[in-house]
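Residue-level structure breakdown
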Amino acid sequence: MLTLLGGAPGCGKTTIALSLAATVTRGGTWPDGSRCRDVGDVVIWSGEDADAVTAARLCASQADMTRVHFIDRSVAGDGESFDPGRDMPLLQATIERLPAPRLLILDPIVSAVAGDSHKGAEVRRALQPVVDLAQRLGCAVLGITHFSKGTSGRDPVERVTGSIAFAALARLVLVAAKVKADSPDEDEPRRVLLRAKSNIGPDDGGFAYALERVEVAPDVEGQRVRWLETLEGSARELLSEAEADPENEDGSSAAGVEAFLRGLLADGPMPAKAIKADADGAGYGWRTVHRAADRLGVERRKEGMKGGWVGSRTARAAPRRRHEDAEGVS
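Residues numbered from 1 in each chain as written. Predicted model: local features only at pLDDT ≥ 70, side-chain atom pairs only at ≥ 80, totals over all residues. Heavy atoms only, no water.

1. Describing unusual backbone geometry
As a rule of thumb, non-glycine residues mostly have phi less than zero, and peptide bonds are mostly trans rather than cis. Of note, the bond from aspartate 107 into proline 108 is cis; its omega dihedral lies within 30 degrees of zero at 0 degrees. Summarising the element assignment, proline 108 is placed in the loop between β4 (101–107) and α5 (120–137). In this structure, aspartate 219 is a non-glycine residue whose phi angle is positive, near 65 degrees. For aspartate 219, the location among the structural elements is in the loop between β8 (206–217) and β9 (220–231). (Helix = DSSP H or I, 4+ residues; strand = E, 2+ residues; numbered from the N terminus.)

2. A closer look at α5
One turn of an α-helix holds 3.6 residues; hence residues three or four places apart share an orientation. Here α5 spans 25 Å end to end across 18 residues, near enough to the 26 Å set by a 1.5 Å rise per residue. At leucine 127, α5 shows its largest bend, some 35 degrees, and a proline, proline 129, comes one to four positions later. Among all positions in α5, only Val123, Ala126, Leu127, Val130, Val131, Leu133 and Ala134 are buried. Immediately downstream of α5, the backbone of glycine 138 shows phi near 70 degrees, a positive value. (Expected span 1.5 Å × (residues − 1). Bend = angle between axes of the 7 residues up to and from the residue. Buried < 20%, exposed > 50% of the residue type's maximum accessible area, 1.4 Å probe, protein only.)

3. So, the nonpolar core
Leu4, Leu91, Leu104, Val175 and Leu194 are the most contacted members of the largest nonpolar core, which has 44 residues in total. With 7 residues, α5 is the single largest residue contributor to this core. Discounting chain neighbours no more than four positions away, the residues touching leucine 4 are Ile109, Leu142, Gly143, Val160, Phe166, Ala167, Ala170, Leu172, Val173 and Leu174. Ala63, Leu142, Tyr209 and Leu211 belong to the second-largest nonpolar core, a separate cluster that totals 25 residues. (Core = buried A, V, L, I, M, F, W, Y, C linked by side-chain atoms within 4.5 Å. Contact = heavy atoms within 4.5 Å.)

4. Considering the side chain of arginine 191
In this fold, arginine 191 is placed in strand β7 (residues 191–198). For arginine 191, a relative accessible area of 4% translates into the label buried.

5. Some points on the pattern of salt bridges
Taken as a whole, this structure holds 8 salt bridges when the rule is applied. With its nearest N and O atoms 2.7 Å apart, the salt bridge here joins arginine 136 to glutamate 96. In this pair, arginine 136 sits in helix α5 while glutamate 96 sits in helix α4 (residues 84–96), placing the two residues 40 residues apart along the sequence. On the basis of relative accessibility, which here comes to 40%, the residue glutamate 96 falls in the partly exposed class. The closest approach of N and O atoms between glutamate 221 and arginine 213, which form a salt bridge, is 3.3 Å. Take glutamate 221: its relative accessible area is 47%, and that puts it in the partly exposed class. Salt bridges here are not isolated pairs; linked through shared partners, they connect Glu212, Arg224 and Arg226. (Salt bridge = Lys/Arg side-chain N within 4 Å of Asp/Glu carboxyl O.)

6. With respect to the pairing of strand β5 (residues 140–144)
Among the 5 residues in β5, 4 count as buried, and that is most of the element. Sheet topology places β4 next to β5; 4 bridges connect them, and they run parallel. Residue pairing in the sheet places leucine 106 in a bridge with glycine 143 of β5. Read from β4 through α5 to β5, the crossover connection turns out right-handed. (Pairing = 2+ DSSP bridges. Right-handed = clockwise from strand over helix to strand, strands pointing away.)

This is the structure we're talking about:
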C-alpha cells in the first residue's frame, strides 16, 4: 500500500524513512516495540541525497546493506540519471526480479509524476501503476513529500504539497514536525511523527523522536532516529502544539512578525498604510502581517468616511479567521 510521509524541511523525514527501511532489512523493532517479522529487500530512489549519504544513514540504523538496492543511472540503462516520471516501467521490471521486495521509497514522490503534480488526474495516472505493482508484489511504497508554505493550522492532509490526489491515493499519511523547546537551554528540539490519515487502522496518535549522529566508519557519520514516547491525540491538535515557529510564505517566523507588530503598536494606534510601509521595509508580506495581527488580537477601525484604516492593540482574544483585505490590519 502507498504511504505518504510529509513535513517541513529539517524535521528528518528521510531519516525516518531510512530507519523504517533498516528495520525491514534486518527484522528489527518498530517504534511501538513490536518486531518486524516480514524481512526483505528495500529499493530506494532519492533525488535529493547522494547514495553515500543515504548509505551512511542506513548503516547508522544498522541496516542489512545486502538487502538495500539503490536506483541510479545504471538502472536506467541509458547512461542518464533515473527519472521516476519516465523510467517507472523499468523500475517495476527491476523490482519484480528481487527475491523479497518489501519496501520502495520514493524521495520525493512528486518526481514520480511526469506531468503537473497539482492536477489530480495526472497524479493518479502516474502513481496508479506504482500502487498496482505494490499490491501485486506485497510491497509497501513510502513516498516522501513536503508541506506547502503558509498552511500552518490547516488539516495536515491538506498541507501536503501538490494535488490532494496524493493523499487520496495513500492508505496512510504520516506527518513529521519539530517540537517547541521546553526551555531555552535545550540544544536540539524533539520531534513528532503523527498519523494524519489511515484507511487501515487508527488515524491519530504517533511517536516522539530525536535525531542523532553516530560514527559508521572512520571519519564518517550517519544520522539516525531515536524513538521516544507514544503520543495520543489527533495530528491537527498535536501539530498546533508541536510546531516550533511555523514559517510564513515570505520565509519569516511567526514569532518574529508578532514581535515586529507589537513594537509598531506599542505607543498606540497606527495607520494601516504606515504599518504596511514598515512591513515592506522589514521584508514581511502583507498577508503574513494580517495573520500575526489576528493572533495578537489587533483591532482595526476606519476613521471617518474618508479616513483610512487604523490598527491598534486590544485586550480581546484574537479571532481565528483569516483576513486578506488589502486595506486594513485585522
